[in-house]
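Here is how the chains run, residue by residue.
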Protein chains: 2
Amino acid sequence: MISRVMSAELAEHAGQRVTIAGWVHRRRQLKSLSFLVVRDRTGLAQAVTGAGLPPEESVVEVTGTVTASAQAPGGFELVSPEIEVLSEPSAPPPFDLYRPVVTATLPTILDHAPAALRHPLLRAPLEISAASVAGFRQALDRLGFTEVHTPKIVASATESGANVFGIDYFGRPAYLAQSPQFYKQAMAGVFERVYEVGPVFRAEPHDTVRHLAQYTSLDAELGFIRDHRDVMAVLREAVAGMLESVRRRAAHAVELLGAALPEVPAEIPAVHFTEAQRLTGEDEPDLSPAQERWLSEWALRERGSEFLFVTGYPMSKRPFYTHPDPARPGYSNGFDLLFRGLELVTGGQRLHRYEDYLEALAARGEGVRAYEGYLQAFRYGMPPHGGFALGLERWTARLTGAANIRQTTAFPRDLHRLSP
Amino acid sequence: MISRVMSAELAEHAGQRVTIAGWVHRRRQLKSLSFLVVRDRTGLAQAVTGAGLPPEESVVEVTGTVTASAQAPGGFELVSPEIEVLSEPSAPPPFDLYRPVVTATLPTILDHAPAALRHPLLRAPLEISAASVAGFRQALDRLGFTEVHTPKIVASATESGANVFGIDYFGRPAYLAQSPQFYKQAMAGVFERVYEVGPVFRAEPHDTVRHLAQYTSLDAELGFIRDHRDVMAVLREAVAGMLESVRRRAAHAVELLGAALPEVPAEIPAVHFTEAQRLTGEDEPDLSPAQERWLSEWALRERGSEFLFVTGYPMSKRPFYTHPDPARPGYSNGFDLLFRGLELVTGGQRLHRYEDYLEALAARGEGVRAYEGYLQAFRYGMPPHGGFALGLERWTARLTGAANIRQTTAFPRDLHRLSP
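Conventions adopted
- Residues numbered from 1 in each chain as written.
- Chains lettered and ligands numbered in written order.
- Predicted model: local features only at pLDDT ≥ 70, side-chain atom pairs only at ≥ 80, totals over all residues.
- Heavy atoms only, no water.
- UniProt positions renumbered as here; feature names shortened; annotations may be inferred.
- Salt bridge = Lys/Arg side-chain N within 4 Å of Asp/Glu carboxyl O.
- Helix = DSSP H or I, 4+ residues; strand = E, 2+ residues; numbered from the N terminus.
- Buried < 20%, exposed > 50% of the residue type's maximum accessible area, 1.4 Å probe, protein only.
- Least-squares fit on C-alpha atoms with pLDDT ≥ 70 in both.
- Contact = heavy atoms within 4.5 Å.
- Buried area = accessible area lost by both parts, 1.4 Å probe.
- Polar contact = N/O pair within 3.5 Å; in protein donor to acceptor, adjacent residues only side chain to side chain.
- Nonpolar A, V, L, I, M, F, W, Y, C, P; charged D, E, K, R; others polar.

- Chain A is annotated in an unreviewed UniProt entry as Aspartate--tRNA(Asp/Asn) ligase from Nonomuraea zeae.
- Quoted verbatim from the Subunit (unreviewed entry) field of the UniProt record, the comment on chain A reads "Homodimer."
- Recorded in UniProt for chain A, the comment headed Function (unreviewed entry) runs: "Aspartyl-tRNA synthetase with relaxed tRNA specificity since it is able to aspartylate not only its cognate tRNA(Asp) but also tRNA(Asn). Reaction proceeds in two steps: L-aspartate is first activated by ATP to form Asp-AMP and then transferred to the acceptor end of tRNA(Asp/Asn)."

Spelled out as structure tokens, the structure:
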């Protein structure tokens, strides 16, 4: 490995001659002095020289003496440097990566993602995203969950029918999975508690700031619950774990973006759907975006929480596998978690009896044929269970205040975009 | 949550009245006594009663007094039990899940995966797989890697051209990604060190015991290397981390399968391709399966290692992005890691100069058009870098001695199989 110290560690080497390595982030040529700012994975470091400097985005090794300097990033700089160029760019970057503010438009950024994501402000959401996933896994590992990997190619477009991508599967039609729903339920019958972090696919025909054709879904499912409230309690732990991990592993990215991280109450407040209707003075069978925003503000004001559970959505608005509320059968044991005005997570208790599935499908006028592989799991004794799905990019967008979800993933896929 | 103790914790509750919950794993009706064996995610527990017992795979809560018993699993059993049935199966399982040996054929197992995977021997490989992935991430996290999520839908079938699945992408042709190769390289230009654990897709037209149409690839890529040996050193840490995690997190599964876990030498032995040819007395430009087996045996015998690196494969046999050996340009800075007779990992140093990519593509008679999105990353200054890819299912198969790779994933996809 190239023997180097990281820019964030310079202070530990004061007075020593060390080598750093990274990209030329910025050059500043004064009359008799030149400043070279080098970017590595831990941050920026400065070298001062009288010599000429290689252009921005050159990959360099710089060997110099670590010297205190109030003006340098981190308070130390390299003096008397020798500079070795490891790799030269063959074109200037599509926009200035060294400017503190991003000057490029979103299409320019996305068209040139491999270079653009090097900008500290543009890579920061991806650091927060990586830290979030690590925290999700750690929280669920602690609770006895097992990670699973399930098929992304499926025989039938079961979850909703619409918005699926078709595949040519050895000459047969197949589809990209819209969620691991059925598989995670089956695996709850094996491991009791499972999670999966993986891509899901929606052939979303609308060009919005909130939708992607591929996104990363954080899915969990657990058995031996009393009802959906047990799922909500686990979700609370997962979200708290994600935030704790972001605080610990992505502190610099959070600071750079000026992101305000929410507190997670020991118990996230919950309102029943009917109460949400009463509060907002509406009586449609689902919540509108405006209602979701209003409820989020209400929760912050009245309950001091940026998170709010809405429980008991009408059965007519939830998928067929949703478990009804035994006390009020028109309403479900399903919930949404609202965060800063938007639905972030959908979850709930599922049906667990084979006969209940047959009945639920029949009630919706659906045949069982397309669901046969799925229904199998319930034939052999399934515990009461439930789960949830959280969209990683939506989460990161809410945390960082990104205006467009495309800023929270490296290479977004949408109605128009298929590269890079 | 259902208030319960896990079967593995019974000993800690000796003399107390506790509740366990799980599946009826086995019933044994003697003349005046019945034994009920309950299976939960931690193992088996036994209850002794005079009453009748619900059928296998019923989901039950059993409340009883924890009493020492030499015959019971774990040395304790529940006496004077009250049994509550939470969920009844509507059919008997496709084969006896309680028998110590699996009596079903592989097609039966795969057709009935949701039930079959409940058999302790069939779920064990998946526990080892989950533990392996956790160890992989932990080892790389420690080394400063960042996790990334890259597109599974791509515009062109770049990596090999053949064996790709076509998709209808909003009316345009697109393909399922065969690897995250290009994206992980681009992201090494952003984070220096990245990994991804995710599905990759191969339209493998042959029905073999070693190939799947979807498998989980453990990919890593790192910048600022001297050459491929730095990649090999990181791979060594990753593999050691995976095994350490398997030992810690999946000890019971390892024991159940009688799997012998290998030791990872501090430095895994390596032979150059030309030396491998000399040793095996062959001179084809690639290694045959028989040579790989022979070399593995040789490494165990002569070097005491179940792992062996073969380095310097001829450039003609490696992908165009492979970095040549500067000292012997016909040979590459690419390597394979052999494990127990099979290639487990492929990796190497990649080209990092834009001009080298143009030259490499031209030399193979390939146009640059299909690679434009990819080549972008190299235009803006890329450090010397390299990486590797390890197939999770192949790893698990080697560890557990599975005869067929389909036994190492929950819901395999192959030429003929698209469900469940």
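The discussion continues.
### Considerations on the pattern of salt bridges
Next, step 1: Applying the stated criterion across every chain yields a total of 56 salt bridges over all chains.
Next, step 2: Between Arg41 of chain A and Glu192 of chain B there is a salt bridge whose closest N-O contact spans 3.0 Å. Note that Arg41 of chain A is positioned in the loop between strand 2 (34-40) and strand 3 (43-49) and Glu192 of chain B in the loop between helix 4 (181-191) and strand 10 (193-201), a pairing that runs across two chains.
Next, step 3: Given a relative accessible area of 0%, Glu192 of chain B falls into the buried group.
Next, step 4: For Arg278 of chain A, the salt bridge is made with Glu275 of chain A, and the minimal N-O distance between the two is 2.9 Å.

### Points about the relation of the copies chain B and chain A
Next, step 1: Its rotation angle being 180°, the transformation that places chain B on chain A also includes 0.0 Å of axial translation and leaves an RMSD of 0.0 Å. Between the two chains, the operation in question is that of a two-fold axis. No C-alpha of chain B approaches the rotation axis more nearly than that of Ile167 of chain B, which lies at 2.3 Å.
Next, step 2: Comparing interface residues between copies, 100% of those in chain B also lie at the interface in chain A; the contact surface is shared.

### Remarks on the interface of chain B and chain A
Next, step 1: The interface is formed by 105 residues belonging to chain B together with 105 residues belonging to chain A.
Next, step 2: Summed over both sides, the interface between chain B and chain A buries roughly 8500 Å², with carbon and sulfur atoms accounting for 59% of that surface.
Next, step 3: Ranking the residues of chain B by area buried against chain A places Met1, Phe224 and Tyr380 of chain B at the top, with a combined share of 10%.
Next, step 4: Linking chain B with chain A are 10 salt bridges.
Next, step 5: Between Glu147 of chain A and Arg137 of chain B there is a salt bridge, with its nearest N and O atoms 2.7 Å apart.
Next, step 6: Our count for the contact surface shared by chain B and chain A stands at 50 residue pairs in polar contact (both at pLDDT 80 or more).
Next, step 7: Here the side of chain B that touches chain A is built from residues that sort into 59 nonpolar, 18 polar and 28 charged.

### Side note on the environment of Ala238 of chain B
All names here are of chain B.
Next, step 1: For Ala238, the location among the structural elements is in helix 5 (residues 228-249).
Next, step 2: Judged by relative accessible area, which is 1%, Ala238 ranks as buried.
Next, step 3: Separated by 38 residues in sequence, Ala238 and Ala276 place their C-alpha atoms 25 Å apart.
Next, step 4: For Ala238, the contacting residues outside a window of four places in its chain are Phe136, Ala139, Leu140 and Phe388.

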